[in-house]
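# A structural walkthrough
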Amino acid sequence: MLEQTLNSLSGFLPETVLIVSMVVCIILDLILRKKSAVVSVAGIIGIAVSGYFAWLQLGAKSILFSGMVVVDPYSVFFKLLIGLSTIFVIIFAMFSKEMKESTHKNEYVYLMTAMTLGAYLMASSVNMLMMYLSLETVSLSSYVLAGYTKKIKRSSESAMKYIIYGAASSGIMIYGISLLYGFTGTLNIYETSIFLSRLNPASEPVLIISLIMILAGFGYKISSVPFHFWTPDVYEGAPIPVTGFLAVTSSAAGFSVLIRFITNSFLAGNLVQNGQYVVIPGVNWKEIMIVLSVASMILGNFTAVWQSSVKRMLAYSSIAQGGYIMLGLTVANQQGVAAMLIYLMAYLFMNLGAFFVLILIANKLDTDELIGMKGLGYKAPVICVGMGVFMFALSGVPTTAGFIGKFYLFTALIESKLVWLALVGLMNAVVSLFFYIKVLKYMFLMKPEEGNTQKLKFGAGAYIVMFALVIPTMVFGIYFTPLVRLAEYSISMFGFR
Amino acid sequence: MEIGLTHYLVLGAILFGLGLFAMISRRNAILVLMGIELILNAANINLVAFSRYNGLGVDGQVVSIFVIILAVAEAAIALGIVLNLYNNFATVDIDEANTMKD
């Protein structure tokens, strides 16, 4: 037991680095006693080093801590994605005026490092207890971060709403886990699958009930309908860097644990035949996924059309994007999961980019309303062109990364004879184009108000960070082979071929 | 009559239902949080009862200890957030503290 734990530590290096860097950040914050970029830089370096160690693990497959977490290419892919997006979010926070003006010093750095640790564990846990714990690790820090600017009314309100919905759905999730544990007698997802495949037929109602209850916990993390109620208010009230974190990192982590849970536990004895997951009869989660994904796409896209705040519009858009990503699970094969990974990587750059431009605009204008962006294209042309790229990418226009993501998802659907679902997705993409273009309409086709045509100036750093997001968004739209290779390599999970 | 697994499961289900009801019907943030505690404890009862009566070792009991710890952490953070909400809005009613609308 002890020996195994000690042996596991070498595979646990990325997480250990994160813990150390979190402690270092806390100590630095105590020593410096004022707002300082040093702590942020220390946090970024810590996450980058842990990402490097995660990269070194690519190709390894091992099981750590008596079947609690595993190291496999799938978890490494998500660790890289999560680490990269957290680095971007910490950089965003250094730019954001909201974060600078808050009464806190540098707490957000170690809160975000702690969330990264939780998200790493979410990507690699194979035990339901570990899944629940890591999900809560991410949640507890994000409740605090949502109310980070505590003097601002809407921030404190959003934190309140977030913790109520979050605690409720994780409570429902642990109740579902307790039912599944009682039925199968194990918490390990592979043993669950072995147990379920022995049942013939496995049409126990308790299985469906517990699956739906567990999905409540995961669905809240990825803000899927019907667990999405917190999303618009929290996104609107939280500081923009935190919103970016919730939209990208935390939802990517939610997807990682959802995919692993559902494609490992509710399968017939870990069987994968020709890349197709063999779903146990009786619990057909494919249909549940179709319902969730179609509902998310339709509600997200059609509600986003009416929003006057860009931040709130992006909240509904991220519900819809979650719906698109979930399409990859409805086909229940490895091709679909690979498409999800490709989409998540594209989603990182385009969505974080949109939030970064929003931070730059909000710094200057103190608003995230559409009305405030009238004629901004004349005042800050470069930033607005960048916003244009991100908006087109989010709606899935060709030559952007968003197109590649949608292309692979829809291809997976069509090859599995789910043409109608691909058509629903395509129709939603058309609707989404309407509200994404609306932002550009306000920026470029409307004249700025009289006497307010001064050019806005941004530092060189802002442009560098923006181009660090624009360039991958464009490049992955044209040269996407490495991304696709990595995603296809990464879908091999522990226990699978 | 001997007390068996079913009794504990029924107790857990009742607690879960009460917690869900408290969450939906109460407007006071503190009472909503109490509803969430009830749900977590319902899960605890289930876990302990299953591991005791189905002869599953101590797995379920270990999980329930973790759940208790998490409930404490969650309550601490939630009370901090409620306090902050009270400072800003002078109320802990979640319907009154609602400035963001569609």
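Here the structure is shown first, and the text comes after it.
Attention here is on the structure that accompanies the text. (Residues numbered from 1 in each chain as written. Chains lettered and ligands numbered in written order. Predicted model: local features only at pLDDT ≥ 70, side-chain atom pairs only at ≥ 80, totals over all residues. Heavy atoms only, no water.)

So, about the overall build of chain B. Along its length, chain B carries three helices and zero strands. Each helix and strand of chain B, placed in order from N terminus to C terminus, yields the pattern α-α-α. In terms of overall dimensions, chain B is more spread out than a globule: its C-alpha atoms have a radius of gyration of 17 Å, far above the 13 Å expected for 102 residues. Along the first, second and third principal axes, the C-alpha set of chain B runs to 50 × 25 × 25 Å. Each of the 102 residues in chain B was classed as buried or not, and the buried ones make up 39%. Put simply, of all contacts in chain B between residues at least 6 apart along the chain, 55% involve residues at least 24 apart. Of the roughly 5500 Å² of accessible surface on chain B, a fraction of 67% belongs to carbon and sulfur atoms. Of the side chains in chain B, 4 bear a positive and 8 a negative charge, and the two mean positions are spaced by 5 Å. (Helix = DSSP H or I, 4+ residues; strand = E, 2+ residues; numbered from the N terminus. Rg over C-alpha atoms; globule rule 2.2 N^0.38 Å. Buried < 20%, exposed > 50% of the residue type's maximum accessible area, 1.4 Å probe, protein only. Contact = heavy atoms within 4.5 Å. Areas by Shrake-Rupley, 256 points an atom, 1.4 Å probe, with all protein chains shown as cover. Lys, Arg positive; Asp, Glu negative; His and termini not counted. Charge placed at Lys NZ, Arg CZ, Asp CG, Glu CD.)

A few words on the packing of aromatic side chains. All names here are of chain A. Summed over all chains, the structure comprises 25 aromatic pairs over all chains. An angle of 90° between the planes, with centres 5.7 Å apart, marks the rings of F407 and Y408 as edge-to-face. Residue classification places Y408 among the partly exposed residues on the basis of a relative accessible area of 22%. Aromatic side chains F435 and Y436 sit 4.6 Å apart centroid to centroid with 50° between the ring planes, which places their arrangement in the tilted category. Like F435, the residue Y436 is buried in the burial classification. Pairwise contacts between aromatic rings join F88, F92, F95, F349, F356 and F476 into one cluster. (Phe/Tyr/Trp six-rings, centres within 6.5 Å; stacked < 30°, edge-to-face > 60°.)

Turning next to the interface of chain B and chain A. If you look at the interface, chain B gives 41 residues, while chain A gives 41 residues. Carbon and sulfur atoms supply 73% of the area that chain B and chain A bury against each other, a total of about 3500 Å² over both sides. Of all residues in chain B, the largest losses of buried area upon contact with chain A belong to L70, E74 and M100 of chain B, amounting jointly to 19% of the total for that side. Applying the counting rule to chain B against chain A returns zero salt bridges. For the interface between chain B and chain A, the tally reads seven residue pairs in polar contact (both at pLDDT 80 or more). Every element with two or more residues in the side of chain B that touches chain A is listed here: α1 (5–25), α2 (29–53) and α3 (59–89) of chain B. (Buried area = accessible area lost by both parts, 1.4 Å probe. Salt bridge = Lys/Arg side-chain N within 4 Å of Asp/Glu carboxyl O. Polar contact = N/O pair within 3.5 Å; in protein donor to acceptor, adjacent residues only side chain to side chain.)

Turning next to the pattern of salt bridges. Note that side chains of opposite charge can pair when their charged atoms are close. Residues and elements named next belong to chain A. In this structure the tally under the stated criterion is ten salt bridges over all chains. For K97, the salt bridge goes to D366, with nearest N and O atoms at 3.2 Å. Note that K97 is positioned in helix α5 (residues 97–101) and D366 in the loop between α15 (334–365) and α16 (376–379), a separation of 269 residues in sequence. Under the relative-accessibility criterion, K97 is labelled partly exposed at 27%. Between R154 and D368 there is a salt bridge, with the nearest N and O atoms lying 3.4 Å from each other. You can see R154 sitting in helix α8 (residues 153–184) and its partner D368 sitting in the loop between α15 and α16, a full 214 residues away along the chain. Among the residues examined, R154 registers a relative accessible area of 26% and is labelled partly exposed. Here the salt bridges share partners, and the residues they tie into one network are R154, E157, K161, D233, E236, R312 and D368.

A word on the packing of α15 of chain A against helix α20 (residues 460–478) of chain A. All names here are of chain A. It is the contact of α15 with α20, at a shortest axis distance of 9 Å, that shows an interaxial angle of 155°. Accordingly, the angle class assigned to the pair α15 and α20 is roughly antiparallel. In this structure, α15 meets α20 at a crossing whose hand is left-handed. Touching F349, M350, L352, G353, F356, V357 and L360 of α15 are A462, V465, M466, L469, P472, T473 and F476, all from α20. Classifying every residue of the contact of α15 with α20 by side-chain character gives twelve nonpolar, two polar and no charged. (Axes fitted to C-alpha atoms, helices over the stretch in contact; angles between N-to-C directions. Parallel < 35°, antiparallel > 145°, perpendicular 65-115°, else oblique. Left-handed = near helix turned anticlockwise from the far one by under 90°. Nonpolar A, V, L, I, M, F, W, Y, C, P; charged D, E, K, R; others polar.)

If you trace the backbone, A159 of chain A turns up in helix α8. It is 21 Å that separates the C-alpha atoms of A159 of chain A and F356 of chain A, two residues lying 197 residues apart in sequence. With near-sequence residues (within four places) excluded, A159 of chain A lies in contact with Y143, A146 and G147 of chain A together with I81 of chain B.

Turning our attention to empty space enclosed by the protein. Residues and elements named next belong to chain A. Under the counting rule described, the total for this entry stands at two cavities of 30 Å³ or more. In this structure, the largest cavity encloses a volume near 40 Å³. Around the largest cavity, the lining residues are I222, S223, Y235, A247, S251, F255, S318, Q321, G322, I325 and Y347. Elements that contribute at least two residues to the lining of the largest cavity include exactly α12 (240–265) and α14 (310–330). If you tally residues by element for the lining of the largest cavity, the top one is α14, at four residues. Residues belonging to the lining of the largest cavity are distributed by class as follows: six nonpolar, five polar and no charged. Of the pockets and cavities examined, the second largest cavity occupies roughly 30 Å³. Lining the second largest cavity, in full, are L215, F218, G219, I222, S224, L258, M289, L292 and M326. (1 Å grid on protein atoms, 1.4 Å probe; cavity = no way out; pocket = protein on both sides within 12 Å on 5 of 7 lines; lining within 4 Å. Points joined across faces, edges and corners; volume = space filled by probe spheres on them.)

Time to look at unusual backbone geometry. Residue and element names in this part refer to chain A. Between V225 and P226 the backbone carries a cis peptide bond, its omega angle lying at -5°. With respect to the element layout, P226 can be found in the loop between α10 (205–221) and α11 (231–237). Positive phi outside glycine occurs at K417, with the angle close to 65°. For K417, the position within the fold is in the loop between α18 (401–415) and α19 (419–445).

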